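Summary of the model geometry
Okay, here's what each chain looks like letter by letter:
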Amino acid sequence: MNKSTLGKLDVLSVFITWAILISLLSTLAYLKIFADPNSSAAILVYLFGAFFIAALCHAILAYFNRCPHCSKCLTIQGFKPPHPASSGSRDKVVWHWFSGSIVCIHCGQKVDTNGL
Ligand SMILES: [Zn+2]
């Protein structure tokens, strides 16, 4: 698989993870407010399963989605603060991915996401 496709899939998996997390939390809130306490919570189990699978896909794809300058994982921030020249956080990298150019949070170099 070519690297720019891999990067897109990785970022897509992050969006899917966010979307599932939002539905999981809103379903949880909805059930807590409106549902009969004895009703089935199976939907939460399914959503949690989907969340887990999406997060796992992201973890695997992110491992291969690396910066061409410092070869660190572009969508994994780790525990160090992001490089001052970068846009600030991994979430912003993900958000700007499809604009075609991001700044690596580890080394501050510009990365062309379409030509990795
Ligand atoms: Zn880098």
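It should be emphasised that the depicted structure is a prediction, and the values quoted were computed from it without experimental measurement.

Calculation criteria
Residues numbered from 1 in each chain as written. Predicted model: local features only at pLDDT ≥ 70, side-chain atom pairs only at ≥ 80, totals over all residues. Heavy atoms only, no water. UniProt positions renumbered as here; feature names shortened; annotations may be inferred. Helix = DSSP H or I, 4+ residues; strand = E, 2+ residues; numbered from the N terminus. Contact = heavy atoms within 4.5 Å. Polar contact = N/O pair within 3.5 Å; in protein donor to acceptor, adjacent residues only side chain to side chain. Donors = N, O, S within 2.8 Å, 3.2 Å for Na, K, Ca; no water. Tetrahedral: all angles 85-135°; square planar, octahedral: opposite > 155°, others 65-115°. Expected span 1.5 Å × (residues − 1). Axes fitted to C-alpha atoms, helices over the stretch in contact; angles between N-to-C directions. Parallel < 35°, antiparallel > 145°, perpendicular 65-115°, else oblique. Left-handed = near helix turned anticlockwise from the far one by under 90°. Nonpolar A, V, L, I, M, F, W, Y, C, P; charged D, E, K, R; others polar. Phe/Tyr/Trp six-rings, centres within 6.5 Å; stacked < 30°, edge-to-face > 60°. Buried < 20%, exposed > 50% of the residue type's maximum accessible area, 1.4 Å probe, protein only.

**So, the UniProt feature "transmembrane region" (unreviewed entry) in the protein**
Summarizing the sequence annotation, UniProt attributes the feature "transmembrane region" (unreviewed entry) to residues 12-31 and 43-64 in the numbering used throughout. Helix and strand shares over residues 12-31 are 100% and 0% respectively, and the end C-alpha atoms of the span are 28 Å apart. Helix makes up 100% of residues 43-64 and strand 0%. Its end C-alpha atoms lie 32 Å apart.

**So, the environment of R90**
Mapped onto the elements of the fold, R90 is located in helix 3 (residues 90-96). Taking the C-alpha atoms as reference points, R90 and T75, separated by 15 residues in sequence, lie 5.8 Å from one another. Ignoring sequence-local partners within four residues, the contact set of R90 consists of V14, W18, H58, T75, I76, Q77 and I105. Polar side-chain contacts of R90 include one of 3.4 Å to the side chain of D91.

**Let's talk about the environment of T17**
Take T17: it is sitting in helix 1 (residues 3-34). Expressed as a C-alpha distance, the spacing of T17 and F64, which sit 47 residues apart in the sequence, is 18 Å. Apart from the residues within four sequence positions on either side, T17 is in contact with F51, A54 and A55.

**Considering the coordination of the zinc ion**
Protein ligation of the zinc ion involves C67 (SG), C70 (SG), C104 (SG) and C107 (SG), the donor distances falling in the range 2.3 Å. Here the zinc ion is ringed by four donor atoms whose angles at the metal span 106 to 113 degrees, and the overall shape comes out tetrahedral. Donor residues for the zinc ion sit on one chain with the sequence pattern C-x2-C-x33-C-x2-C. Highlighted residues: C67 in the loop between helix 2 (42-64) and helix 3 and C104 in the loop between strand 1 (101-103) and strand 2 (110-112), separated in sequence by 37 residues.

**Looking at helix 2**
If you check helix 2, its first and last C-alpha atoms are 34 Å apart, about what 23 residues at 1.5 Å a residue would give, namely 33 Å. Buried positions along helix 2 lie against helix 1 and helix 3.

**Re the packing of helix 1 against helix 2**
At their nearest, the axes of helix 1 and helix 2 sit 8 Å apart, and the two run at 155 degrees to each other. Judged by the inter-axis angle, helix 1 sits roughly antiparallel to helix 2. Once helix 1 is placed against helix 2, the crossing between them reads as left-handed. Here the contact of helix 1 with helix 2 is composed, by residue class, of 21 nonpolar, five polar and two charged.

**Concerning the packing of aromatic side chains**
What the rule picks out here adds up to five aromatic pairs. Relative to F34, the ring of Y30 has its centre 5.0 Å away and its plane inclined at 45 degrees; by these criteria the two rings are tilted. In this pair, Y30 and F34 are both assigned in helix 1, four residues apart and thus about one turn of the helix distant. F34 sits in the exposed class, given a relative accessible area of 59%. With centroids separated by 6.1 Å and ring planes inclined at 45 degrees, the aromatic side chains of F48 and F51 adopt a geometry described as tilted. Placement of the pair is F48 and F51 together in helix 2, with a separation of three residues, close to one helical turn.

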